[in-house]
Amino acid sequence: MKIAVLPGDGVGAEVIAEAVKVLAALKGRGLAFEIEQAPIGGAAYDASGDPLPEATLELATKADAILFGAVGGPRYDALPREKRPENAILRLRKELNLFANLRPASVFAELADASTLRPEVVAGLDILIVRELTGDIYFGRPRGIRKLKSGVREGFDTMRYTDEEIRRIAHAGFRAALKRNRKLCSVDKANVLETSQLWREVVSTVGKEYAAVELTHMYVDNAAMQLLKNPRQFDVIVTGNMFGDILSDEASMLTGSIGMLPSASLDEKGKGLYEPIHGSAPDIAGKDLANPLAAILSAAMMLRHSFDQERVAARVEIAVKKVLAQGYRTADIFRRGTRRVGTREMGDAVVAALG
Ligand code: NAD
């Protein structure tokens, strides 16, 4: 297995160094892989004038999985769009056809009080949102702003999904559910939208191939409410690009800590790009303050989804639980009575907890 490591900018590089440390500790113990690193984002722009240099794209294309940090920073904000660091990750997702975005939102018992919801509502929360990433109203044509005969201007976008696009994301949702508690909730707006009617029909048809998974359907407005009211009713949620964009951010806030949340973006064959959901955090970069657990948990997702190493993935997740139980906290999740550590010490603690 070949892993392309693209640390990027700011805390991206700091947290990925810790994830690599954890992977290195697992190497040889039943796990074989090669790591190759390349610059991306602002770091690559500084070196070559391109946020996604040809060599980085080639490495990512050839690799079996990609571990990505974060890109961006105020220094690059005035650049034209194609030169901006953030453009590198958008291009990478597109070039590699990473259409399935997996975002877990889980609340470790020790951190239940970090949520804005009552601990008894979120304690033990463990949901996974599978969001379609390459279609829907964000990419549908025609789109634009036009002037009507009356002189009034009108903005318009097109929501569209082909049955093929729905089928492949539905499979991704069912496959993810099979690795978890075998419950899949498909979220749409089939009471109003034609696109959603096709969505519901196709997801139901695909569901016949997964007898072991219990499929339910929910309207997106209700899903937004249920996530706040009783989030633990969900196991896996599968939904389109726009609904998933909104619901996954809502779900991540249930946990209350951006530094804890990993994500994966997968293609049809299971190749994936794994990254913490947070950005490059210029406000804390270079200070050994960033929480590396989202990056470490992203590496665990990589082991599960691209390498099919469920046991090793679980081992990493258990190690993270252990260090939290031992009281280790980076500044973002620190509470009185716990032990405040920096990025590197947190990484070392996870390595030690691997046993
Ligand atoms: P951000 O996620 O970088 O930071 C938001 C807040 O969360 C900040 O207060 C930050 O200190 C904190 N935070 C983030 N990660 C943390 C961690 N690991 N540990 C502790 N605290 C953490 O979002 P932003 O400030 O809106 O964006 C900063 C830069 O990152 C921008 O250039 C933006 O475009 C970029 N960005 C990149 C990605 C990506 O690469 N996928 C995603 C989001 C934002």
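The structure contained in this document is the topic of the report that follows.

## Quick look at the site of the ligand
Part 1 of the reasoning: By nearness alone, 19 residues border the ligand, and Val71, Glu86, Gly279, Ala281 and Asn291 come closest of all.
Part 2 of the reasoning: His278 is positioned with one of its side-chain polar atoms (N or O) 3.1 Å from a nitrogen atom of the ligand.
Part 3 of the reasoning: For the ligand, whose accessible area on its own is 800 Å², the fraction buried by protein is 68%.
Part 4 of the reasoning: Here the shell around the ligand is built from residues that sort into eight nonpolar, seven polar and four charged.

## So, the environment of Asn291
Part 1 of the reasoning: By the element assignment, Asn291 lies in the loop between strand E12 (272–276) and helix H10 (293–305).
Part 2 of the reasoning: Separated by 50 residues in sequence, Asn291 and Val341 have C-alpha atoms that sit 9.3 Å apart.
Part 3 of the reasoning: Leaving out residues up to four positions away in the same chain, Asn291 has contacts with Val15, Gly259, Met260, His278, Thr330, Asp332 and Ile333.
Part 4 of the reasoning: A polar side-chain atom of Asn291 sits 3.5 Å from the main-chain carbonyl oxygen of Gly259.

## Observations concerning the nonpolar core
Where a protein is soluble and globular, its nonpolar side chains tend to be buried together.
Part 1 of the reasoning: Counting 68 residues, the largest nonpolar core has Leu67, Val130 and Leu303 as its most contacted members.
Part 2 of the reasoning: Broken down by element, this core gets its largest block of residues, nine residues, from H10.
Part 3 of the reasoning: If you count residues domain by domain, this core takes at least three from each of domain 1 (1–99 + 267–355) and domain 2 (103–266).
Part 4 of the reasoning: Counting 20 residues, the second-largest nonpolar core is a separate cluster that includes Val122, Met218, Ala251 and Leu254.

## Some remarks on the pairing of strand E1 (residues 2–8)
Part 1 of the reasoning: With six of seven residues buried, E1 is to be regarded as a mostly interior element.
Part 2 of the reasoning: With helix H1 (residues 11–26) bridging E1 and its parallel neighbour strand E2 (residues 34–37), the resulting β-α-β unit is right-handed.
Part 3 of the reasoning: Taken together, the five bridges between E1 and strand E3 (residues 65–70) define a ladder with parallel strand orientation. Looking across to E3, one finds that Leu6 is bridged to Phe68.

## Examining the packing of H1 against H10
Part 1 of the reasoning: Close contact between H1 and H10 brings their axes to 8 Å; oriented N to C, the two are set at 45 degrees. Comparing the axis directions of H1 and H10 gives the class oblique. Between H1 and H10 the crossing geometry is right-handed. Every residue of H10 that contacts H1 at Val15, Ile16, Glu18, Ala19, Val22, Leu23 and Leu26 is listed here: Ala295, Ile296, Ala299, Met302 and Leu303.

## Let's talk about the pattern of salt bridges
Part 1 of the reasoning: Tallying each qualifying case throughout the model produces 26 salt bridges.
Part 2 of the reasoning: The partner of Arg93 in a salt bridge is Glu275, and the shortest N-O contact between them spans 3.0 Å. Residue Arg93 is located in helix H4 (residues 85–95), and its partner Glu275 is located in strand E12; the two are separated by 182 residues in the primary sequence.
Part 3 of the reasoning: For Arg93, a relative accessible area of 23% translates into the label partly exposed.
Part 4 of the reasoning: Of the charged contacts in the structure, one is a salt bridge between Asp308 and Lys179, with a shortest N-O distance of 3.1 Å. Pair noted here: Asp308 is in the loop between H10 and helix H11 (310–325) and Lys179 is in the loop between helix H6 (163–178) and strand E8 (183–188), with a separation of 129 residues, a long-range link.
Part 5 of the reasoning: Its relative accessible area of 34% is what places Lys179 among the partly exposed residues.

## Topic: the environment of Thr330
Part 1 of the reasoning: Inspection of the secondary structure assignment puts Thr330 in the loop between strand E13 (328–329) and strand E14 (339–340).
Part 2 of the reasoning: On a C-alpha basis, the gap between Thr330 and Ala300 in space is 20 Å, while along the polypeptide they are 30 residues apart.
Part 3 of the reasoning: What Thr330 contacts, discounting residues up to four positions off in sequence, is Leu289, Ala290, Asn291, Pro292, Val341, Gly342, Thr343 and Met346.
Part 4 of the reasoning: In terms of polar contacts, Thr330 uses its side chain to reach the side chain of Asp332, at 2.7 Å.

## Remarks on the pairing of strand E10 (residues 236–239)
Part 1 of the reasoning: Burial along E10 is two-sided: the residues Val236 and Val238 and Ile237 and Thr239 are all buried.
Part 2 of the reasoning: Of the pairings in the sheet, the one linking strand E5 (residues 126–132) to E10 comprises four bridges and is parallel in character. Its bridge partner being in E10, Leu128 is matched across the sheet by Val236.
Part 3 of the reasoning: Bridge count for E8 against E10 is four bridges, and the pairing is parallel. Directly across from Cys185, in E10, lies its bridge partner Ile237.

Rules behind the numbers
Residues numbered from 1 in each chain as written. Predicted model: local features only at pLDDT ≥ 70, side-chain atom pairs only at ≥ 80, totals over all residues. Heavy atoms only, no water. Near = heavy atom within 4 Å. Polar contact = N/O pair within 3.5 Å; in protein donor to acceptor, adjacent residues only side chain to side chain. Areas by Shrake-Rupley, 256 points an atom, 1.4 Å probe, with all protein chains shown as cover. Nonpolar A, V, L, I, M, F, W, Y, C, P; charged D, E, K, R; others polar. Helix = DSSP H or I, 4+ residues; strand = E, 2+ residues; numbered from the N terminus. Contact = heavy atoms within 4.5 Å. Core = buried A, V, L, I, M, F, W, Y, C linked by side-chain atoms within 4.5 Å. Buried < 20%, exposed > 50% of the residue type's maximum accessible area, 1.4 Å probe, protein only. Domains from an automatic or database assignment. Right-handed = clockwise from strand over helix to strand, strands pointing away. Pairing = 2+ DSSP bridges. Axes fitted to C-alpha atoms, helices over the stretch in contact; angles between N-to-C directions. Parallel < 35°, antiparallel > 145°, perpendicular 65-115°, else oblique. Left-handed = near helix turned anticlockwise from the far one by under 90°. Salt bridge = Lys/Arg side-chain N within 4 Å of Asp/Glu carboxyl O.

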